[in-house]
Amino acid sequence: MNNLSFSELCCLFCCPPCPGKIASKLAFLPPDPTYTLMCDESGSRWTLHLSERADWQYSSREKDSIECFMTRTSKGNRIACMFVRCSPNAKYTLLFSHGNAVDLGQMSSFYIGLGSRVNCNIFSYDYSGYGASSGKPTEKNLYADIDAAWVALRTRYGIRPENVIIYGQSIGTVPSVDLAARYESAAVILHSPLTSGMRVAFPDTKKTYCFDAFPNIDKISKITSPVLIIHGTEDEVIDFSHGLALFERCQRPVEPLWVEGAGHNDVELYGQYLERLKRFQDDKMYPLTFSGVLILPK
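A brief report on the enclosed structure follows. Just so it is clear, the model here is predicted, and its values are computed rather than measured. (Residues numbered from 1 in each chain as written. Predicted model: local features only at pLDDT ≥ 70, side-chain atom pairs only at ≥ 80, totals over all residues. Heavy atoms only, no water.)

## Digging into the sheet that holds strand 4 (residues 78–84)
Here we have eight strands laid out as an open sheet, ordered 3-4-6-5-7-8-9-10, and mixed in their pairing. The sheet is open, and its two edges are formed by strand 3 (66–72) and strand 10 (257–259), each paired on a single side. In this sheet, adjacent strand axes meet at a mean angle of 15° when their direction is disregarded. The pairing of strand 5 (residues 93–97) with strand 6 (residues 121–125) spans four bridges and is classified as parallel. Its bridge partner lying in strand 6, Leu95 is registered against Phe123. Of the strands in this sheet, strand 3, strand 4, strand 5 and strand 6 touch helix 4 (residues 104–118), which is tilted by about 25° from strand 4. (Pairing = 2+ DSSP bridges. Helix = DSSP H or I, 4+ residues; strand = E, 2+ residues; numbered from the N terminus. Axes fitted to C-alpha atoms, helices over the stretch in contact; angles between N-to-C directions. Contact = heavy atoms within 4.5 Å.)

Structure (structure tokens):
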């Protein structure tokens, strides 16, 4: 999220603006691309080339487990997709919507490490205007982007919804909540989520206005899949109160992970992060009872 001056906030919210302007001012910071995708003569095989800024941490053998391709959204944009085969015995695939100011190149090493440690494959994509994806980042494009990723995951790889865990981090919780509110999946993980754009800028906001962007708070109650919320108690970008508010609105919340002392960008460095993901995934073996996971009352 950007740091806005008081005058900018007044201009932004008092005009009143449209949701797209709120979205672009508060959230979208696409980095200079850290990768390219090259297509062969047949037009069917894409090769991933990472720049030094991608900070790749593994060997070429691990890179061979990554498959990339382009797909088109309902808005006409072409978005880059990445399927990371981390485990031949993986029961679940994370449909991962990453945070702001990163692209697939920068996330690729993290995906390899995460998937191999929690024994799942990872499918991710770049939002319109990020990485090799065309178009511009807008709220409507976010929803079209994840829809295209969902279709590609199901049709290209034949993965059924009951084997998909929808995972969103920071701004990535926006398309994740929207998708999960419309389609049932094995589960949903919301990592450092926001309630809405207005509530990030103005913490005392109590209702959702027509010009607000990213209204997760109004959609989360429509999710029928189990929801795990992860949030750092010292988050300096999206206050911890956002995670708490969303947790209270869930139909099927499971035991959350409140990481004491963690900020917005370091939750993954705490040991309980991987421990909780492993336990959460293991509990998917019991979709009715979620044995081992505390189902908390609303």
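## Here we look at the packing of aromatic side chains
Within this structure, the stated rule accounts for 17 aromatic pairs. Judged by centre distance (6.3 Å) and plane angle (50°), the rings of Phe69 and Tyr157 are tilted. With Phe69 in strand 3 and Tyr157 in helix 5 (residues 139–157), this residue pair connects regions lying 88 residues apart in the sequence. Taking relative accessible area as the criterion, Phe69 reaches 3% and is therefore assigned buried. Taken together, the aromatic side chains of Phe69, Phe83, Phe123 and Tyr157 make up a single cluster linked through ring pairs. Sitting over the face of the ring of Phe69, Arg156 holds its NZ or CZ atom 3.9 Å from the ring centroid. (Phe/Tyr/Trp six-rings, centres within 6.5 Å; stacked < 30°, edge-to-face > 60°. Buried < 20%, exposed > 50% of the residue type's maximum accessible area, 1.4 Å probe, protein only. Lys NZ or Arg CZ within 6 Å of the ring centre and 35° of its normal.)

## Describing the pairing of strand 8 (residues 187–191)
Within a regular beta strand, the side chains point alternately toward one face of the sheet and then the other, so they alternate between its two faces. Among the five residues of strand 8, five are classified as buried, and the element is accordingly described as predominantly covered. Every second residue of strand 8 is oriented toward a common face, with Ala187, Ile189 and His191 on one face and Val188 and Leu190 on the other, all of them buried. With five bridges connecting them, strand 7 (residues 164–169) and strand 8 associate as parallel partners. Within strand 8, the position partnered with Gly168 by the bridge is Leu190.

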